[in-house]
Amino acid sequence: MISKYLVPLDEVDKVRDEHLAFLDGLAKQGKLVIAGRQTPPVGGLVMIDAETEEEARELMSGDPYLAKGLAEYTATGFRPSLGRLTDV
């Protein structure tokens, strides 16, 4: 899931702790592969272990960034074939 911030960064940062807690929940479910902010900070990337776009969107539906209208997500499927993430 690739996010694009819809509001200035200072508004996004006010909710960042909630967003990180949400991602921690995905990690505890075993669904989070990796996450981080883009450089420059115009959005982020959340790689999750999901079989379908529908499942990915359902998993991300509780993200405070999304719920509060601070960001939108684009789903991009990906199956690693080389490198450290090939077992995901």
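Refer to the preceding data block for the structure.
Please read all numbers here as calculations on a predicted model, not as lab measurements. (Residues numbered from 1 in each chain as written. Predicted model: local features only at pLDDT ≥ 70, side-chain atom pairs only at ≥ 80, totals over all residues. Heavy atoms only, no water.)

A. Summary view of the side chain of Asp-63. With respect to the secondary-structure elements, Asp-63 resides in the loop between α3 (53-60) and α4 (64-67). It turns out Asp-63 is buried and unbridged, and the closest side chain with the opposite charge, Lys-68, is 9.5 Å from it. There is a polar contact of 2.8 Å between the side chain of Asp-63 and the side chain of His-19. Residues in contact with Asp-63, not counting those within four places in the same chain, are His-19, Phe-22 and Tyr-73. (Helix = DSSP H or I, 4+ residues; strand = E, 2+ residues; numbered from the N terminus. Buried < 20%, exposed > 50% of the residue type's maximum accessible area, 1.4 Å probe, protein only. Lys, Arg positive; Asp, Glu negative; His and termini not counted. Salt bridge = Lys/Arg side-chain N within 4 Å of Asp/Glu carboxyl O. Polar contact = N/O pair within 3.5 Å; in protein donor to acceptor, adjacent residues only side chain to side chain. Contact = heavy atoms within 4.5 Å.)

B. Representation of the packing of aromatic side chains within the structure. The tally for this structure, following the rule as stated, stands at one aromatic pair. Judged by centre distance (6.0 Å) and plane angle (90°), the rings of Tyr-5 and Tyr-65 are edge-to-face. Of this pair, Tyr-5 sits in strand β1 (residues 2-5) while Tyr-65 sits in helix α4, and the two are 60 residues apart along the sequence. The buried category is assigned to Tyr-65, whose relative accessible area is 1%. (Phe/Tyr/Trp six-rings, centres within 6.5 Å; stacked < 30°, edge-to-face > 60°.)

C. Highlighting α3. Taken together, the buried positions of α3 are Ala-56, Leu-59 and Met-60. One side of α3 carries all its buried residues, which in axial view fall inside an arc of 95°. The exposed residues of α3 that point more than 90 degrees off its buried face are Glu-54 and Glu-58. Structurally, α3 contributes buried residues whose contacts are with α2 (16-28), β3 (44-48), α4 and β4 (71-74). (Arc of directions from axis to C-beta.)

D. Summary view of the pattern of salt bridges. One pass over the full model with this rule turns up six salt bridges. The closest approach of N and O atoms between Arg-37 and Asp-13, which form a salt bridge, is 2.6 Å. With Arg-37 in strand β2 (residues 32-37) and Asp-13 in helix α1 (residues 9-13), this residue pair connects regions lying 24 residues apart in the sequence. Residue Arg-37 is classed as partly exposed on the basis of its relative accessible area, which comes to 28%. Measuring nitrogen to oxygen at the nearest pair gives 3.2 Å for the salt bridge that ties Glu-18 to Lys-68.

E. Structural view of the layout of surface pockets. The volume enclosed by the largest pocket comes to roughly 420 Å³. Around the largest pocket, the lining is made up of 20 residues, and of these Ile-48, Ala-50, Thr-76, Gly-77 and Phe-78 lie nearest the centre. Across the lining of the largest pocket, the residue classes tally to 13 nonpolar, three polar and four charged. (1 Å grid on protein atoms, 1.4 Å probe; cavity = no way out; pocket = protein on both sides within 12 Å on 5 of 7 lines; lining within 4 Å. Points joined across faces, edges and corners; volume = space filled by probe spheres on them. Nonpolar A, V, L, I, M, F, W, Y, C, P; charged D, E, K, R; others polar.)

F. Spatial organisation of the pairing of β3. The alternating pattern of β3 places Gly-44, Val-46 and Ile-48 on a buried face, while none of Leu-45 and Met-47, on the opposite face, is buried. The sheet contact formed by β2 and β3 spans five bridges and is antiparallel. Across the sheet, the residue bridging to Arg-37 is Gly-44, located in β3. Hairpin geometry of β2 and β3 is characterised by an intervening segment of six residues between the two adjacent antiparallel strands. (Pairing = 2+ DSSP bridges.)

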